[in-house]
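Residue strings, one per chain:
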Amino acid sequence: MKSIRSKLKLNNKQKTLMAQHAGYSRWCYNWGLSLWNQAYKDGYKPNARKLREVFTNHTKPLHPWMKDLSSRVYQYAFINLGEAFKRFFQGIAAHPRFKKKSKSDSFTIDNCGKPIELNGWNHKLPFIGWVKTYEPIEATTKKITISRQAGSWYLSCSYEFTPTPTPKTTDVVGVDLGIKTLATLSDGKVVTSVKSYHKFEAKLSRLQYLNRNKNIGSANWRAAQLKIASLHLRVANIRKDALHKLTTYLAKNHGTIVIEDLNVSGMLANHKLAKSIADQGFYEFRRQLEYKTHWYGSELVVVDRFFPSSKTCSRCGHVQDMPLNVRTYDCPNCEISIDRDLNASINLRKRVRNSEVSSECKTHSRDAVGLTVDACG
Ligand SMILES: [Zn+2]
């Protein structure tokens, strides 16, 4: 069993709905606890099931607002109360205490026995409806707990984790992350950068320019800053989305993915390149590939950053200098003329083909951090 916890992206209406359910859960828990205490004093032996029966038949009908909320919530509130008492009787926890508002706001729901599928960014929760998470998640679970922390809502659940390998159309693929394009694959596929991103970027610099003379801290300035911040977020999301699509495609359809371990800090010293590299999110790319290859049963190979993938001819092995502005590799030796990035990606793919003897070098993505094919000889 594994568990996940992910921050929810909610609109105001949904936030209210979450708060109402958390309030419902707290109300039932506290009601149950007070009745339990009273019954105990009166010499009865209360339990969660009996309390729930009293609640369903006598108390719930008196509170019409409860009809608008999921009935699963109170079921779990009583289950939780029963478990809290169980721990108390076993001597491993203190006597259950009343829940305070906004201190422990949470509730649990399920799908009446049917599994709940979480897949990607959008999730249909029973009763609650569609919600978004900030990161894609994949899980099949029986119940979900939603809780509030520092003003934000989180979804958590546990699930049985079984990696699901997908059929692979390509054995080995080399991927060159580019400046002009997002990525070039050794089979010739080119993934272009997201265009809308540049549109927003232009808007962003315009806003920053317009904001230059405003008094810092003034209402006007603050309004503009807010606009700038939300545009930044939008640009970041577009980029994230493009990267997720690319890494999912790679991990699902390719047996082994070969990428270069980029010396990002060294490259960031070159200012023209710096922005572009930061934009494309190389670190994020690698991080995503590491966990997605694990999900889909593929392998990630990270090639030593000193391997001259751009400078080497992918056909004959000739090595020559390749300044960044030269977009085509023209080999004086075998006379091939090939796109710079495609040449590099083919070289990356060949790194694995050439070193197939050292199959132990092709490690699973989980262990691939820091691994270089060179290091294994
Ligand atoms: Zn050549």
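Keep in mind it's a predicted model, so treat the numbers as computed, not measured.

*Asks:* What is the right way to read helix α2 (residues 48-59) from this model?
*Replies:* The α-helix advances 3.6 residues per turn, and as a result positions three or four apart in sequence lie on the same side. Along α2, the residues that are buried comprise Ala48, Leu51, Phe55 and Thr59. Looking straight down α2, one finds its buried side chains confined to an arc of 60°; they lie on one side. Among the exposed residues of α2, those oriented more than 90 degrees off its buried face are Asn57 and His58. If you follow the buried residues of α2, they end up packed against α1 (12-41) and α3 (72-89).

*Asks:* What exactly am I supposed to notice about the coordination of the zinc ion here?
*Replies:* On the protein side, the zinc ion has Cys313 (SG), Cys316 (SG), Cys331 (SG) and Cys334 (SG) as donor atoms, found 2.3 Å from it. Considering all 4 donor atoms around the zinc ion, the spread of angles at the metal, 106 to 114°, places the coordination shape in the tetrahedral class. Read in sequence order, the donor residues coordinating the zinc ion give the pattern C-x2-C-x14-C-x2-C. Of this pair, cysteine 316 sits in the loop between β11 (299-303) and β12 (328-330) while cysteine 334 sits in the loop between β12 and β13 (337-339), and the two are 18 residues apart along the sequence.

*Asks:* How do you make sense of the nonpolar core when you look at a structure like this?
*Replies:* In summary, soluble globular proteins display a tendency toward joint burial of nonpolar side chains. Met18, Leu118 and Leu125 are the most contacted members of the largest nonpolar core, which totals 37 residues. In this structure leucine 118 touches His123, Leu125, Ile137, Glu138, Ala139, Thr141, Ile144, Leu155 and Cys157, once residues within four positions along its chain are discounted. Core analysis: the second largest hydrophobic core is formed by 17 residues, Leu185, Leu243, Leu250 and Leu289 among them.

*Asks:* Can you help me understand the packing of aromatic side chains in this one?
*Replies:* In this description, a pair of aromatic rings is defined by centroid distance and the angle of the planes. Taken as a whole and assessed by the stated rule, the structure comprises 15 aromatic pairs. Between tryptophan 27 and tryptophan 65, the ring centres sit 6.2 Å apart and the planes meet at 80°, which makes this aromatic pair edge-to-face. In this pair, tryptophan 27 sits in helix α1 while tryptophan 65 sits in the loop between α2 and α3, placing the two residues 38 residues apart along the sequence. Judged by relative accessible area, tryptophan 27 falls into the partly exposed class, the value being 28%. Classification of tryptophan 65 by relative accessible area gives partly exposed; the value is 36%. Pairing phenylalanine 55 with phenylalanine 78 gives two aromatic rings, centres 5.3 Å apart and planes at 65°, and the pair type is edge-to-face. Placement of the pair is phenylalanine 55 in helix α2 and phenylalanine 78 in helix α3, with a sequence separation of 23 residues. The residue whose ring lies beneath arginine 5 is tyrosine 154, and the NZ or CZ to ring-centre distance is 4.1 Å.

Calculation criteria
Residues numbered from 1 in each chain as written. Predicted model: local features only at pLDDT ≥ 70, side-chain atom pairs only at ≥ 80, totals over all residues. Heavy atoms only, no water. Buried < 20%, exposed > 50% of the residue type's maximum accessible area, 1.4 Å probe, protein only. Helix = DSSP H or I, 4+ residues; strand = E, 2+ residues; numbered from the N terminus. Arc of directions from axis to C-beta. Contact = heavy atoms within 4.5 Å. Donors = N, O, S within 2.8 Å, 3.2 Å for Na, K, Ca; no water. Tetrahedral: all angles 85-135°; square planar, octahedral: opposite > 155°, others 65-115°. Core = buried A, V, L, I, M, F, W, Y, C linked by side-chain atoms within 4.5 Å. Phe/Tyr/Trp six-rings, centres within 6.5 Å; stacked < 30°, edge-to-face > 60°. Lys NZ or Arg CZ within 6 Å of the ring centre and 35° of its normal.

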